[in-house]
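Examining the three-dimensional arrangement
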Amino acid sequence: MSEPSLRDRLRALKVFGEDMPELVPDAAPHDPLDLLRTWLEEALAQGVAQPHAMTLATSDAAGAPSARTLLLKDLTPEGVWFASLSSSPKGRDLEANPRAAVVLYWREQGRQIRVTGAIEKGPRDVARADFLQRHPKARATAIAGHQSEPIGDDHDELQADAQARVDADDRFVPEEWVAWILRPQTVEFWQAARHREQTRLRYEKSGGDWQRDLLWP
Ligand SMILES: Cc1cc2nc3c(=O)[nH]c(=O)nc-3n(C[C@H](O)[C@H](O)[C@H](O)COP(=O)(O)O)c2cc1C
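Quick caveat: nothing in here was measured; it's all calculated off a predicted structure. Along each chain, the written sequence defines residue order, and numbers are assigned to residues from 1. Selection of residues for local features in this predicted model requires a pLDDT of at least 70, selection of side-chain atom pairs for listing and counting requires 80 or more, and totals for whole chains, interfaces and linings are taken over all residues. For side-chain calculations, the full set of non-hydrogen atoms in the structure is used, while hydrogens and water are omitted.

Turning to the overall build of the protein, a few remarks are in order. For the purposes of this entry, the term helix denotes a DSSP run of H or I that reaches at least four residues, the term strand denotes a run of E that reaches at least two, and both are numbered from the N terminus. Helix and strand content of the protein: six helices and nine strands. For the protein, the residues scored as buried account for 36% of the 217 residues in total. Note on contacts: a residue pair is in contact if any heavy atoms of the two residues lie within 4.5 Å. Partitioning the intrachain contacts of the protein with sequence separation of at least 6 by distance along the chain shows that 63% fall at a separation of at least 24. Total accessible area on the protein is roughly 13,400 Å²; 50% of this is exposed by carbon and sulfur atoms. For the purpose of counting charges, residues Lys and Arg are taken to be positive, whereas Asp and Glu are taken to be negative. His and the chain ends are not included. A charge is said to be at NZ when it belongs to Lys, at CZ for Arg, at CG for Asp and at CD for Glu. When the 28 positive and 35 negative side-chain charges of the protein are each reduced to one mean point, those points stand 4 Å apart. Using a 1.4 Å probe on the protein chains alone, a residue whose accessible area is under 20% of its type maximum counts as buried, one over 50% counts as exposed, and one in between counts as partly exposed. Calculation of accessible area relied on Shrake-Rupley with a 1.4 Å probe; when residues are assessed, cover is drawn exclusively from the protein chains displayed.

A side chain of one charge can pair with a side chain of the opposite charge when the charged atoms of the two come close. Salt-bridge detection follows one rule: a side-chain nitrogen of Lys or Arg within 4 Å of a carboxyl oxygen of Asp or Glu. Scanning the model with the defined rule gives eight salt bridges in all. A salt bridge links Glu 18 to Lys 14; its shortest N-O distance comes to 3.4 Å. Note that Glu 120 is salt-bridged to Arg 183, the shortest N-O span being 2.9 Å. Of the two residues, Glu 120 sits in strand β6 (residues 111-121) while Arg 183 sits in strand β7 (residues 177-193), which places them 63 residues apart along the sequence. Look at Arg 183 and you get partly exposed, because its relative accessible area is 33%. Each of the salt bridges in this network shares a partner with another, and the network as a whole consists of Lys 14, Glu 18 and Arg 194.

Bringing the UniProt feature "binding site: FMN" (unreviewed entry) in the protein into the picture now. UniProt positions are given in the numbering used here, feature names are shortened, and annotations may be inferred rather than shown by experiment. UniProt's feature table lists "binding site: FMN" (unreviewed entry) at Arg 68, Thr 69, Leu 70, Leu 71, Leu 72, Lys 73, Lys 90, Gln 112, Gln 147, Ser 148, Trp 190 and Arg 200, given in the numbering used throughout. Sequence-wise these annotated residues cover 133 residues; spatially they are dispersed, their C-alpha atoms as much as 36.3 Å apart. Set against the largest pocket, the annotated residues that line it come down to Leu 70, Leu 71, Lys 73 and Gln 147. For Arg 68, the position within the fold is in strand β2 (residues 65-71). A residue is classified by how much of its surface remains accessible, and Arg 68, at 18% relative accessible area, is buried. The distinction between a cavity and a pocket rests on a 1 Å grid over the protein atoms alone: a 1.4 Å probe fits inside a cavity but cannot get out, while a pocket stays open yet meets protein on both sides within 12 Å along at least five of seven lines, and a residue with an atom within 4 Å of a point counts as lining.

Nearness here has a simple test: a residue counts as near a molecule or strand if at least one of its heavy atoms is within 4 Å of that partner. In the vicinity of the ligand, the residues found are Arg 68, Thr 69, Leu 70, Leu 71, Ala 83, Ser 84, Ser 88, Pro 89, Lys 90, Gln 147 and Ser 148. When the ligand sits alone it has 620 Å² of accessible area, and the protein chains cover 68% of it. For the shell around the ligand, the secondary-structure elements that each account for two or more residues are β2, β4 (79-85) and α3 (89-96). The leading source of residues in the shell around the ligand is β2, at four residues. Think of it as three bins: nonpolar holds Ala, Val, Leu, Ile, Met, Phe, Trp, Tyr, Cys and Pro, charged holds Asp, Glu, Lys and Arg, and polar takes everything else, Gly as well. Of the residues assigned to the shell around the ligand, the class counts are four nonpolar, five polar and two charged.

Right, let's get into the nonpolar core. Here the nonpolar core consists of buried residues drawn from Ala, Val, Leu, Ile, Met, Phe, Trp, Tyr and Cys, with membership extended through side-chain atoms lying within 4.5 Å. One finds Leu 35, Leu 36, Phe 82, Trp 106, Ile 113 and Phe 189 to be the most contacted residues of the largest nonpolar core, which totals 32 residues. Breaking this core down by element, the ones donating at least two residues are α2 (32-45), β1 (53-59), β4, β5 (99-106), β6, β7 and β8 (197-206). Counting residues per element, this core draws most heavily on α2, which supplies six residues. Look past the residues within four positions of Ile 113 in its chain and what remains in contact with it is Leu 36, Trp 39, Val 102, Val 103, Leu 104, Trp 106, Val 187, Glu 188 and Phe 189. In terms of nonpolar packing, the next biggest core, distinct from the first, is built from eleven residues, Trp 81, Phe 131, Leu 132 and Ile 181 among them.

Another aspect to go through is the pairing of β4. Burial within β4 is extensive, with seven of its seven residues counted as buried. When strand β3 (residues 74-76) meets β4, the two strands line up antiparallel, connected through three bridges. Paired with Asp 74 across the strands is Trp 81, a residue of β4. Two strands pair under a simple rule: DSSP has to find at least two bridges between them. Hairpin connection from β3 to β4: two residues lie between these consecutive antiparallel strands. With six bridges connecting them, β4 and β7 associate as antiparallel partners. Paired with Val 80 across the two strands is Leu 182, which belongs to β7.

Here is the structure:
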C-alpha cells in the first residue's frame, strides 16, 4: 500500500483541541487593547507556548511585503510594542512606509489576533532599557554586523570586537536599536470553538472611537 500523500497527511491533522475558551462579543470591552491584554493574561496563565511570538508584516516603498517573527515587548494604552534595528530590512520598510500588521496565534486556545495600524518610534529610554535587558551575546551580535546581510569571512573578528565593546561598556546601546509602537487602527479577535464554529470580532477606529463588528468566519 502506498504511503498517504503529504496533502492527505496535512488534511488529516487536527487543528484545535476540545477545550477552548470563549469569546462573548456582548461582554467585550469598549477598547480592543483591554481585550488584548485580557487574552494575553489568559494565555500566560494557561501556559500557552511563546504567547509573545508574533508575526510582523511590513512593506517597502514599492509595496513589496515581507513578514517575520518578533517578540511582543509590551502592551500599553498606546499600542503594541516591539524592538529591532532600524538598519534592518524591517527597519527600512518602516521608515519608508510607517504602517504594519501583526498577528498572534495561540493554537492551544484556538485564538488569533490581528492588529493593523500606524507605526511610531517609541522614546529612546524604552529602546535603551530593552536593549540592555538582552543577553550580552545577543547585544554583541546586534552591533557586530548588519542584520539580514550575508555573513562574510570577517564574522569572527567582528563578533569578537563587538563582544569586547559590550564587555567594556555594559551600558552601550547602538543608536539603531529602536522600540516601535504599532498604534492600532483595526484589531480582530478570532476564536475557534467546537464543531468548526468560529467567532470573529473586529474593532475599527473611526473618528477617534472604536466601532465593533462581528465578521463572517
Ligand atoms: C521567536 C522569535 C523571536 C524573534 N524576536 C525578534 C525580535 O524581537 N527582534 C528582532 O530584531 N528579531 C527577532 N527575531 C528574528 C526575526 O524573525 C528576523 O529574522 C530578523 O529580525 C530579521 O528580519 P528582517 O530581515 O525582516 O529585518 C525573532 C525570531 C524568532 C523566531
